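Each chain, letter by letter, is given below.
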Amino acid sequence: MSAASTGLQTVHYFTVGAMAVAIYDYCLTTAPEVQLIWGRRWNVIRVTFTLARYVPFIVVVMNTYGKFTGPRNCDTYESVSNGK
């Protein structure tokens, strides 16, 4: 195994580890979130909280998917992001 592939494998392990920690954190804090946030009317604070809580999770999932599917999807991503 080359040094580059070993390094890439290490990055994959850390990516999965970070995702596991994020999921664990979400599981621990869901009950207080339901008690303190859900059921309240929508205002600037609730919108900010919801965006701060769920957008990073979506980004982590997309990033993890991208890491494991490899560069073959880069052309599609670049064409979509550049509006082509």
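Please refer to the structure placed before this passage.
Because the structure is predicted, anything quoted here is derived from the model rather than measured.

1. So, the pattern of salt bridges
Piece 1. This model, assessed by the stated rule, comprises one salt bridge.
Piece 2. Here Glu-33 ties to Arg-53 by a salt bridge, and the two come within 2.5 Å at their closest N and O atoms. Remark: Arg-53 occurs in helix H2 (residues 44-69) and Glu-33 occurs in helix H1 (residues 3-36); sequence separation between them is 20 residues. There is no split in this pair, since Glu-33 and Arg-53 are both buried.

2. Quick notes on a nonpolar patch on the surface
Piece 1. Taken together, the side chains of Trp-42, Val-47, Leu-51, Val-55 and Val-59 present a nonpolar region at the surface, about 470 Å² in accessible area.
Piece 2. Examined against the element boundaries, Leu-51 turns out to sit in helix H2.

Calculation criteria
- Residues numbered from 1 in each chain as written.
- Predicted model: local features only at pLDDT ≥ 70, side-chain atom pairs only at ≥ 80, totals over all residues.
- Heavy atoms only, no water.
- Salt bridge = Lys/Arg side-chain N within 4 Å of Asp/Glu carboxyl O.
- Helix = DSSP H or I, 4+ residues; strand = E, 2+ residues; numbered from the N terminus.
- Buried < 20%, exposed > 50% of the residue type's maximum accessible area, 1.4 Å probe, protein only.
- Patch = residues over 30% accessible without salt bridge, like charges linked within 9 Å, V, L, I, M, F, W, Y side chains within 5 Å.
- Areas by Shrake-Rupley, 256 points an atom, 1.4 Å probe, with all protein chains shown as cover.

Any functional reading would require information beyond the geometric quantities listed.
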